[in-house]
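Structural features, examined
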Amino acid sequence: MKTKLIFITGGVVSSLGKGIAAASIGAILESRGLKATIVKLDPYINVDPGTMSPFQHGEVFVTEDGYEADLDLGHYERYTNIITSRKNNFTTGQIYHSVIMKERRGEYLGKTVQVIPHITDQIKENIYQAAEGNDVALIEIGGTVGDIESLPFLEAIRQIGHELKGNQTLFIHLTLVPWIPAAEELKTKPTQHSVTKLREIGIQPDILLCRTDRDLTDDIRKKIALFTNVTYDAVIQAIDVDCVYEVPLRFHDEGLDGKIVELLQLWTKRSNLQVWADIVHSYKNPKDSVNIGVVGKYVELRDSYKSLHEALTHAGTALNLKVNIEYIDSEAVMANNDEKAWENCDGILIPGGFGERGVAGKIETIRFARENKIPYFGICLGLQVAIIEYARNVLGLKEANTTEIDKFAKDNIIDLMAEQKNITDMGASMRLGAYPAKLLPGSKIAEIYGSTEISERHRHRYEVNNKYVPLLEEKGMVISGKNPEHDLVETIEIKDHPWFIGVQYHPEFKSKPTKPHPLFYGFVDASYKFKLKKK
Ligand code: GLN
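Now for a quick tour of the structure. Bear in mind the structure is a predicted one, so any value in this text is a computation, not a measurement.

Side note on the sheet that holds strand 2 (residues 36–42)
Hydrogen bonds along the backbone pair up the strands of a sheet, which may run parallel or antiparallel. Judged by pairing direction, the sheet is parallel, and its 7 strands sit side by side in the order 5-2-6-1-7-10-11 without closing on themselves. Each edge of the open sheet carries a strand with a single partner, namely strand 5 (89–91) and strand 11 (235–239). On average, each strand axis in the sheet is inclined to that of its neighbour by 20 degrees, with strand direction left out of account. As defined by bridge partners, strand 2 adjoins strand 6 (residues 136–141) across 6 bridges and the pair is classed as parallel. The residue of strand 6 that forms the bridge with Leu41 is Ile141. Relative to the sheet, helix 4 (residues 92–104) contacts strand 2 and strand 5, its axis offset from that of strand 5 by approximately 75 degrees.

This is how it looks when you write it as structure tokens:
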């Protein structure tokens, strides 16, 4: 194994931004010319993160190979050139599942199957597999040190540290150094305790990332170093920032990447973080702002639209605009039945979603955007509902619906494909991951992409019913993109509307600050133009 392994653990409290820290380290190491990968180990028992509620767990991030992953993989892809896959994320549930399957097949030859070595061996195997072929692999351990759940993961990485000698591994621990107002002091005790806990299980961190809301003094750094047995120059301040893309810059200022390559004895070129500096500069100095209304049902939990939120921000920084994202609850839209909800929107976006809740409000929202020529961007369910709205209000098919909501809809304009219907009893499978689409030459979307051949990530069950395509086209809807293999509708637009686009896939998963997605760029640009015209 030639790959150097960097393990990232967290202490004191959750939500310190371990995912963003890992992604940022990935970004700096890539800028030094290293080939990196990042892996997330999730301590929960769920075998399939895709089935977890976005209310509890935030967004489900979809990889190219169609794996439904923890949202941290989204951070990894946004900060780096890594294209993640199912290898980059595994849960305790998956580990146990593999071990139990092996036991059932008799592979353990009747031995007693135990946490150590069987579970820990499986964890190590998965880590090595994911790390293979890279200069460095960052392994983020979910949860907080001291949790019962993450113990087997910590034991496995301790063993790796023991087995791979000679600057092959590095342990980074993220902790909190809180400011206590009553004492007017930054406190190091939680960090001391957290590191003690790690050392109890045999892991001595090499580097500490100390999350703080103000600068750490020299004295504090020395004290932390002394009590945790970490060298002074490896006590790295991780200060709160206004823009998440500032983290790689701050880490670099603190000498973090220099320390990492020194400890791992990696010979690299110097890092160049100018692109990140430019992004942050544009983010902090916008020339103007634009208001985007996002109408959905999970609006209470912003994390459930993480990639979407970021994709809008990427377009904003590229256009030097501040994007004010207003999350509008589609159920409230209907309940209050007022158009005020959309009054301030320069553009309206309906993201992906499942189930019936809030769909009526979405239909009204789309009608409003279509009739008032407000830029509209429909993603997945946002495309499906746009077609239902068009069918009902333009084609006059009052009962048009998706069979997701009404199984016996008279006009099943959104429906399962024939072959899916045969397997509904087992739960019709979703179209997941990357699929190609061919765009109509001369269409708005082909112009936006600057290409007629694209590939985007999917996560849905239902499709546009091709039976209705001729009628839709006759009445001014352009079917601008299709999946060539299965002849499925991928993208739509409306002829006499300045910007009305729906896509069956999720473009937000492929947007990065360094490479904003063309559709988000086009949408935010059109919304800003709409705002200027309104004035
Ligand atoms: N619920 C719809 C479907 O399954 C849309 C899914 C989505 O928006 N991701 O087809």
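There is more to say, and it comes next.
Some words on the site of the ligand
Near the ligand, the surroundings consist of Gly352, Gly353, Phe354, Cys380, Leu381, Gln384, Glu404, Arg459, His460, Arg461, Tyr462 and His506. The backbone of Arg461 places a nitrogen or oxygen atom 3.0 Å from an oxygen atom of the ligand. Side-chain polar atom of His506 to a nitrogen atom of the ligand: 3.1 Å apart, as the coordinates give it. Burial of the ligand by the protein chains amounts to 99% of its free accessible area of 290 Å². Those elements that place two or more of their residues in the shell around the ligand are helix 16 (381–393) and strand 19 (453–460).

What about the sheet that holds strand 23 (residues 500–503)?
An order of 13-12-14-15-23-22-21-18-19 is seen for the 9 strands of this open sheet, with the pairing classed as mixed. Two strands bound the open sheet, and with one partner strand each, they are strand 13 (321–329) and strand 19. Taken pair by pair, the neighbouring strands of this sheet meet at an average axis angle of 25 degrees, ignoring direction. Of the pairings in the sheet, the one linking strand 14 (residues 347–350) to strand 15 (residues 376–379) comprises 3 bridges and is parallel in character. Counterpart to Ile348 in the pairing with strand 15 is Tyr376. Against the sheet, helix 16 touches strand 14, strand 15, strand 19, strand 21 (477–483), strand 22 (488–494) and strand 23, its axis set at about 115 degrees to strand 15. On top of the sheet, helix 20 (residues 518–534) reaches strand 12 (288–296), strand 13, strand 14, strand 15 and strand 23; it is set at about 115 degrees to strand 12, its chief contact.

Remarks on the packing of helix 4 against helix 5 (residues 115–131)
For the pair helix 4 and helix 5, interaxial distance at closest approach is 10 Å and the crossing angle is 115 degrees. In this structure, helix 4 meets helix 5 at a crossing whose hand is right-handed. Contact residues: Ile95, Tyr96, Ser98, Val99 and Lys102 in helix 4; Val115, His118, Ile119, Gln122, Ile123, Glu125 and Asn126 in helix 5. A class-by-class count of the residues in the contact of helix 4 with helix 5 yields 6 nonpolar, 4 polar and 2 charged.

What counts and how
Residues numbered from 1 in each chain as written. Predicted model: local features only at pLDDT ≥ 70, side-chain atom pairs only at ≥ 80, totals over all residues. Heavy atoms only, no water. Pairing = 2+ DSSP bridges. Helix = DSSP H or I, 4+ residues; strand = E, 2+ residues; numbered from the N terminus. Axes fitted to C-alpha atoms, helices over the stretch in contact; angles between N-to-C directions. Contact = heavy atoms within 4.5 Å. Near = heavy atom within 4 Å. Polar contact = N/O pair within 3.5 Å; in protein donor to acceptor, adjacent residues only side chain to side chain. Areas by Shrake-Rupley, 256 points an atom, 1.4 Å probe, with all protein chains shown as cover. Left-handed = near helix turned anticlockwise from the far one by under 90°. Nonpolar A, V, L, I, M, F, W, Y, C, P; charged D, E, K, R; others polar.

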